[in-house]
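# Inside the fold
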Amino acid sequence: MANIKVNMTVKDVFNAKRASTPVEAIIGTPIKVKGFALADTTDQNGEVKEVGYVVEKDTNNVFGFVSDICRQGVADLALLYDEDPSIMDDLIVTFKKSLSKSGREFYYMHIQ
């Protein structure tokens, strides 16, 4: 599993694991992103899972997600950041919800 941190410290990720807000709370709301991370966490059953986090620039609110598509979005953002760190200057992300062909809801990340 990936371990990515951009503008998030180990302490930030530690705190995010305990007090992040699910992205479902901000579906459709554009946020300015200050930082993002992918980190492993252990669930109640002892299973290791990868979780994604984004930090809102203006409020320092941290939003978490386990969606495969959103986590891939963070990995892609990290690649963009590696190519051009200035993307963080004005990075605006909107989390969106859609339905698959089978009728299941899924979340994805849109960069503006």
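Predicted, not measured: the structure shown is a model, and the values here were computed from it. (Residues numbered from 1 in each chain as written. Predicted model: local features only at pLDDT ≥ 70, side-chain atom pairs only at ≥ 80, totals over all residues. Heavy atoms only, no water.)

## Overview of the overall build of the protein chain
- A tally of helices and strands in the protein chain yields two helices and seven strands.
- Going residue by residue from the N terminus, the α and β elements of the protein chain occur as β-α-β-β-β-β-α-β-β.
- For a compact globule of 112 residues, the expected C-alpha radius of gyration is about 13 Å, and the protein chain comes in at 14 Å, within 12% of that figure.
- A principal-axis box enclosing the C-alpha atoms of the protein chain has dimensions of 40 × 30 × 25 Å.
- Across the 112 residues of the protein chain, 35% fall into the buried class.
- When contacts within the protein chain are restricted to residue pairs at least 6 apart in sequence, those whose partners lie at least 24 apart make up 55%.
- Summed over its atoms, the accessible surface of the protein chain is roughly 6800 Å², and 48% of this surface lies on carbon and sulfur atoms.
- Between the mean site of the 13 positive side-chain charges and the mean site of the 16 negative ones, the protein chain shows a separation of 5 Å. (Helix = DSSP H or I, 4+ residues; strand = E, 2+ residues; numbered from the N terminus. Rg over C-alpha atoms; globule rule 2.2 N^0.38 Å. Buried < 20%, exposed > 50% of the residue type's maximum accessible area, 1.4 Å probe, protein only. Contact = heavy atoms within 4.5 Å. Areas by Shrake-Rupley, 256 points an atom, 1.4 Å probe, with all protein chains shown as cover. Lys, Arg positive; Asp, Glu negative; His and termini not counted. Charge placed at Lys NZ, Arg CZ, Asp CG, Glu CD.)

## Some points on the side chain of Arg71
- Following the sequence through the fold, Arg71 ends up in helix 2 (residues 68-83).
- Dropping the residues within four chain positions of it, Arg71 is found in contact with Leu38, Glu50, Val51, Gly52, Phe65 and Val66.

## Comments concerning the pairing of strand 4 (residues 48-56)
- Of all the nine residues making up strand 4, seven are buried; the element is thus mostly covered by neighbouring parts of the structure.
- Direction of pairing for strand 3 (residues 31-42) relative to strand 4: antiparallel, over a ladder of nine bridges. Its bridge partner being in strand 4, Ala37 is matched across the sheet by Tyr53.
- In this structure, the hairpin formed by strand 3 and strand 4 is closed by a connection of five residues, where Gly46 is found at a positive phi of approximately 85°.
- Summarising the sheet, strand 4 and strand 5 (residues 62-65) pair through four bridges and their orientation is antiparallel. Residue pairing for strand 5: Val55 is matched across the bridge by Val62.
- Linkage of strand 4 to strand 5, two consecutive antiparallel strands, is achieved through a turn of five residues, within which Asn60 is found at a positive phi near 65°. (Pairing = 2+ DSSP bridges.)

## Here we look at the nonpolar core
- Val33, Phe36, Val54, Phe65, Leu91, Phe95 and Met109 are the most contacted members of the largest nonpolar core, which has 21 residues in total.
- For this core, the secondary-structure elements that each account for two or more residues are strand 1 (4-6), strand 3, strand 5, helix 2, strand 6 (92-99) and strand 7 (105-111).
- Contacts of Val54, omitting those with residues within four sequence positions, involve Ile31, Val33, Gly35, Phe36, Asn61, Val62, Phe63, Phe65 and Phe95.
- Listed in part, the nine residues of the second largest apolar core include Met8, Val13, Ala39 and Val51. (Core = buried A, V, L, I, M, F, W, Y, C linked by side-chain atoms within 4.5 Å.)

## As for the environment of Leu80
- Inspection of the secondary structure assignment puts Leu80 in helix 2.
- Take Leu80: its relative accessible area is 38%, and that puts it in the partly exposed class.
- Filtering out sequence-adjacent residues up to four positions away, Leu80 remains in contact with Ile87 and Ile111.

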